[in-house]
Amino acid sequence: MGEILTAGVIEMIRNDRVKNHEQMKPVLQVTELKLFTAQQEPSKERIRVLLSDGTAFIQGMLGVALNPLVKDGVLQPGSILRLDHFVCSEIQKKKIVVIAQLEVITTKSDIIGDHARGRKATEQHGGDSGNTSYEQHGRTDVSSARQINSTETGTSLVGQQRRQVFGSGSGSGSSFEQHGRSDLSGGRQINNNGTGTSHAGIGQQRQQVYGSGSSLPGSYNNPSAGLVRDPPPTYPLQRHQPPPPMYQNRGPVARNEAPPRIIPINALNPYSGRWTIKARVTSKGDLRTYNNPRGGGKVFSFDLLDADGGEIRVTCFNAVADQFFDQIVVGNLYLISRGNLRPAQRKFNHLPNDYEISLDNASTVQQCHEEDAAIPQNQYNFRSIGDIESMETNSIIDVIGVVSSISPTASIMKKTGTETQKRSLQLKDMSGRSVEVTMWGSFCNAEGQKLQSLCDSGEFPVLAVKAGRVSEFNGKAVSTIGSSQLFVEPDLAEAQKLKEWFVREGRSAPCISISREFTGGGRVDVRKTISQIKDEKLGTSEKPDWITVNATIIYMKVDNFYYTACPLMNGDRQCNKKVTDNGDGTWRCEKCDKCVDECDYRYILQLQLQDHTGLTWVTAFQEAGEEIMGMPAKDLYYVKHEHNDEEKFEDIIRKVAFTKYIFKLKVKEETYGDEPTVKATVVKVDKVNYSSDTRTILDAMEKLRTAEAGSSGVGTSGTRDVSSVERREFGLPANQSDQYGNQSSNGARPHGGGGAMSCDVCGNTGHVSANCPNTRSGPQGQYMGGGSYGGSGSYGGGLPRQHVGSY
Amino acid sequence: MDTSSPSAFVNGSLMRRYIGQKVRTVIQVVGSDVGSVVGKSTDDLQIIVKGSPPTTTTPSTYLEVIGIAENENSIRAEVWTNFGNSFDPVNYNELCKLANGEFKHLFI
């Protein structure tokens, strides 16, 4: 279609080969019209036009007589006309075609040629200002260049010696680079979005020229090229290069007002030139204030989804956050451009995109009021609950299911002392599994309440969770995080399917829960023996191991049984950090950064524990310490130091020895200097509940029996425990030892039973004196219970694993 | 306390093995007569204990009795020990079973 227009004529005009109508009457197309008042003749209106010959543009001015044509609409952008009477003059070094007479050949026409780069001419007069801004551009680096958002000087024909700052396209972008000091990521063009004939709308995109990247730099170097290199007729989809600049070293400086080229989110990368994306906001975060070592500030982010399913997060800081926070509404479509692309922060950003957008003052966010059905409301990647079991903890997933039960909100105290809300529910799906979903914070009251009322009314609503985190405690569970979203009864195909399945069979189908019931303690009591700590290398893995042992305190270090602690309250908890003595009677806490007159005394007991398998050192702190010692640390401190009552002190200490408790230990390997050592801390101390203890042991025996018929190892000790526990603690200790003592010293001959071997030492069958468990020098003096028992013949345990074939 | 002869741990059903021999068991008092106490063994069999208990036995306390087993459900008690009210009969029962079965070699 270029044949209609006189191709190449503009170049000739520029080259002075065509000066006026006498040489030629070119047929040109008007791409833009602008009304302005000339500075020289303020009373008159003049119309400026942008003329195209299919490949190049030139500015033109209509004679006043021609104004009515425009006013009547005969002459409009797109019109094709023949210049019957014109002259070409140079104003401020720019070539302008002053048209006195013309004939409109076609009023309405599509823009011909493929370099139509909509230069939006804003109604800005004042080329000077514009020019100066350009000046700035030339000098400054990209970032400031970006500031020139809307001061463009389409009209300014003034001094364009500057480098083209405008630039639609990477051409200008690269011009920056080359001339200037912009960095590559700048292809920051001075884009003027959303003004004038905004091509932002859908379907109004004009073709843009894409110079091939390689040619651009080249072209820079020959300003004589004057015009744009030949643009390829179609732009390659993969490289969304903005079109190269129209003018090279001359021509009006204008902002690049080309219609934004909308690219898919998935094509965004830090090296994209000027880009625009059109997407829907799927989630909007809160405006948060933060404080980190580098300073404080405000931040707010939102997630976008576009027609191709690409998702990306957009973050704004400080002033920019304020600017856009009110503008962004979830569910609306926006056109966003001129943001910075940077690698995504995986810690906070769980979207499937390597990058995230950061907006600044130069960025633009423009709402699209037209709906676009191509862009979905939200995108999910649902996993079935059965899959969750095999997923890694802390992975982020989407899940959908039917709520089978929901519990009321509970208030939980966080470590920092603040309170937060928590609510859990059970979610079932077609995989036949159910999982516990925990909601935190505001979700409890919002969606939580909604779900509760639905459940109370007998319904089983469908819940979709987006960006939930897989957590692990007693099995797997899902919990919400800051950026999670909950959708009750969502309008999705999956929801529909779930509902149907539920009605059909799911309601009654047994569902195996992958999250075991959350017991109060949260931890299953893992019974171990002390030797197992070493044998099984407990504590050496990443996480500490929590175990329970039934053991006796053999020894307690007396030297440092306490430390001076900070009594100040940090929220709800005491600081408890060690305070240093200032010397003058006050104590200083590093953490609270305060001095206190009176410090708190807290236990730090080093205890040696022993059970029938081994010995170990553990440390007990305040709570456990008080239980063991029977008095607060402060009191004990006073006894020792203030009252200097050595005797009483020793008495107390002695009493502690050989007391048996159930200890809940946290075992973890820590590195001191170069050496890693496994340390155990007492988390809780309980008195031995013989009844339940016995049962535990009986269970263990049972397990062992089924595992290995006839093994006597653990069984033996088990038995010993059983009997000793049974007999020992009931009744009075004195009696018992008497009984036992008597029994054993009796050297009674075995009677009844085959009694193949009878021991001379203790009189019991099953072993000989050499193997007699009663010999203290035997393996690991197993002191059990209060008072040593004369090894009443019940254990072969002294000799571990003594297996006697016959009884 | 006469400890010249060791006593085997028994419950109701094991007593028959030791008739005439010294046994020990724990019973839960059900009732008492003059000269004897009726109790329930840890495996829910009735045991009659002859002799006089040291203290008035209230029903549902546990007593350990050591004595000679006269027949499969009565003992002539020599030693009585009050085990109180909180006693786990199940555990004791298991003990008796183990002591007479799998781990007899560890006991008498």
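Here is what the cut-offs are and how they apply
- Residues numbered from 1 in each chain as written.
- Chains lettered and ligands numbered in written order.
- Predicted model: local features only at pLDDT ≥ 70, side-chain atom pairs only at ≥ 80, totals over all residues.
- Heavy atoms only, no water.
- UniProt positions renumbered as here; feature names shortened; annotations may be inferred.
- Helix = DSSP H or I, 4+ residues; strand = E, 2+ residues; numbered from the N terminus.
- Buried < 20%, exposed > 50% of the residue type's maximum accessible area, 1.4 Å probe, protein only.
- Pairing = 2+ DSSP bridges.
- Axes fitted to C-alpha atoms, helices over the stretch in contact; angles between N-to-C directions.
- Contact = heavy atoms within 4.5 Å.
- pLDDT = per-residue confidence, 0-100.
- Arc of directions from axis to C-beta.
- Phe/Tyr/Trp six-rings, centres within 6.5 Å; stacked < 30°, edge-to-face > 60°.
- Lys NZ or Arg CZ within 6 Å of the ring centre and 35° of its normal.
- Salt bridge = Lys/Arg side-chain N within 4 Å of Asp/Glu carboxyl O.
- Patch = residues over 30% accessible without salt bridge, like charges linked within 9 Å, V, L, I, M, F, W, Y side chains within 5 Å.
- Areas by Shrake-Rupley, 256 points an atom, 1.4 Å probe, with all protein chains shown as cover.
- Lys, Arg positive; Asp, Glu negative; His and termini not counted.
- Charge placed at Lys NZ, Arg CZ, Asp CG, Glu CD.

An unreviewed UniProt entry lists chain B under the name TRAM domain-containing protein, with Brassica carinata as the source organism. The heading Subcellular location (unreviewed entry) in the UniProt record of chain B holds the text "Nucleus". Under the Sequence similarities (unreviewed entry) heading, UniProt states for chain B: "Belongs to the replication factor A protein 3 family."

Going by the annotation in an unreviewed UniProt entry, the name recorded for chain A is Replication protein A subunit, with Brassica carinata given as the source organism. Recorded under Function (unreviewed entry), the UniProt text for chain A is reproduced unchanged: "Component of the replication protein A complex (RPA) required for DNA recombination, repair and replication. The activity of RPA is mediated by single-stranded DNA binding and protein interactions. Probably involved in repair of double-strand DNA breaks (DSBs) induced by genotoxic stresses." As its UniProt record puts it under Subunit (unreviewed entry), chain A is described as follows: "Heterotrimer of RPA1, RPA2 and RPA3 (canonical replication protein A complex)."

The next thing to look at is the overall build of chain B. Within chain B, the secondary structure is distributed over one helix and six strands. Reading the secondary structure of chain B in the N-to-C direction produces β-β-β-β-β-β-α. By the burial criterion, 54% of the 108 residues in chain B qualify as buried.

Below, the discussion takes up the sheet that holds strand S1 (residues 27-37) of chain A. The five strands lie next to each other as S1-S2-S3-S5-S4 (chain A), forming a closed barrel whose pairing is mixed. Within this sheet the neighbouring strands show an average axis-to-axis angle of 40°, counted without direction.

Another point: the sheet that holds strand S27 (residues 587-589) of chain A. All names here are of chain A. Spatial ordering of the open sheet is given by S26-S27-S28, a layout of three strands whose pairing is antiparallel. Looking along the sheet, the strands with just one partner apiece sit at the ends: strand S26 (579-581) and strand S28 (594-596). When the angles between neighbouring strand axes are averaged without regard to direction, this sheet yields 35°.

Let us look at the side chain of serine 479 of chain A. Along the polypeptide, serine 479 of chain A turns up in strand S20 (residues 476-488). Discounting residues that sit within four places of it in the chain, serine 479 of chain A has contacts with Thr438, Trp440, Gly468, Arg469 and Ser471 of chain A.

On to the pairing of strand S31 (residues 660-672) of chain A, then. A regular strand places its side chains on the two faces of the sheet in alternate fashion. Residue and element names in this part refer to chain A. Strand direction decides the pairing type here: strand S22 (residues 545-556) and S31, joined by eight bridges, are antiparallel. Bridge pairing in S31 links aspartate 545 to valine 667. Here S31 runs beside strand S32 (residues 675-687); their pairing, made up of twelve bridges, is antiparallel. Its bridge partner lying in S32, tyrosine 661 is registered against lysine 687. What sits between the antiparallel neighbours S31 and S32 is a turn of two residues, in which glycine 673 has the positive phi angle 70°.

Let us now look at the confidence of the model for chain A. All names here are of chain A. Here chain A shows a mean pLDDT of 70. Residues at 70 or above account for 66%. Predicted confidence in chain A is weakest over helix H18 (residues 733-745), with a mean pLDDT of 37, and strongest over strand S30 (residues 615-621), with 89. Predicted confidence for residues 116-229 stays below pLDDT 50, and this span has 312 contacts to residues more than four positions away or in other chains. Counting interchain partners and residues more than four positions distant, the pLDDT-below-50 stretch residues 517-522 has seven contacts.

Moving on to helix H7 (residues 318-325) of chain A. Residue and element names in this part refer to chain A. For H7, every residue scored as buried is listed here: Val320, Ala321 and Phe324. The buried side chains of H7 occupy one side of the element, clustering within an arc of 105° when seen end-on. Considering only its buried residues, H7 is in contact with strand S8 (295-306), strand S9 (311-317), strand S12 (355-359) and strand S13 (364-368).

Residues and elements named next belong to chain A. Inspection of the entire model under this criterion finds 19 aromatic pairs over all chains. Between phenylalanine 460 and phenylalanine 502, the ring centres sit 5.0 Å apart and the planes meet at 50°, which makes this aromatic pair tilted. Of the two residues, phenylalanine 460 is situated in the loop between helix H10 (447-456) and strand S19 (462-472) and phenylalanine 502 in helix H11 (residues 493-506); the sequence distance between them amounts to 42 residues. Judged by relative accessible area, which is 27%, phenylalanine 460 ranks as partly exposed. Overall, phenylalanine 502 belongs to the buried group, its relative accessible area being 4%. The structure contains a cluster of three or more aromatic residues connected by ring pairs, namely Phe561, Tyr562, Tyr601, Tyr603, Tyr637, Tyr638 and Phe649. Between lysine 284 and the ring centre of phenylalanine 325, over which it is positioned, the NZ or CZ distance is 4.2 Å. Cation over ring: lysine 557 sits above tryptophan 617, and NZ or CZ is 5.0 Å from the ring centre.

Within the structure shown, the criterion is met by 27 salt bridges over all chains. Between aspartate 88 of chain B and arginine 695 of chain A there is a salt bridge, with its nearest N and O atoms 2.5 Å apart. In this pair, aspartate 88 of chain B sits in the loop between strand S6 (74-84) and helix H1 (89-100) while arginine 695 of chain A sits in helix H16 (residues 690-707), so the two residues belong to two different chains. The exposure class assigned to aspartate 88 of chain B is buried, which follows from its relative accessible area of 8%. Take arginine 695 of chain A: its relative accessible area is 37%, and that puts it in the partly exposed class. Among the ionic pairs, arginine 76 of chain B bridges to glutamate 70 of chain B, the shortest N-O distance being 3.2 Å.

The next point concerns a negative patch on the surface. Residues and elements named next belong to chain A. Side chains of Asp645, Glu646, Glu647 and Glu650 sit close together on the surface and give a patch of like negative charge. Mapped onto the secondary structure, glutamate 650 falls in helix H15 (residues 646-656). Using a relative accessible area of 43% as the deciding quantity, one classes glutamate 650 as partly exposed.

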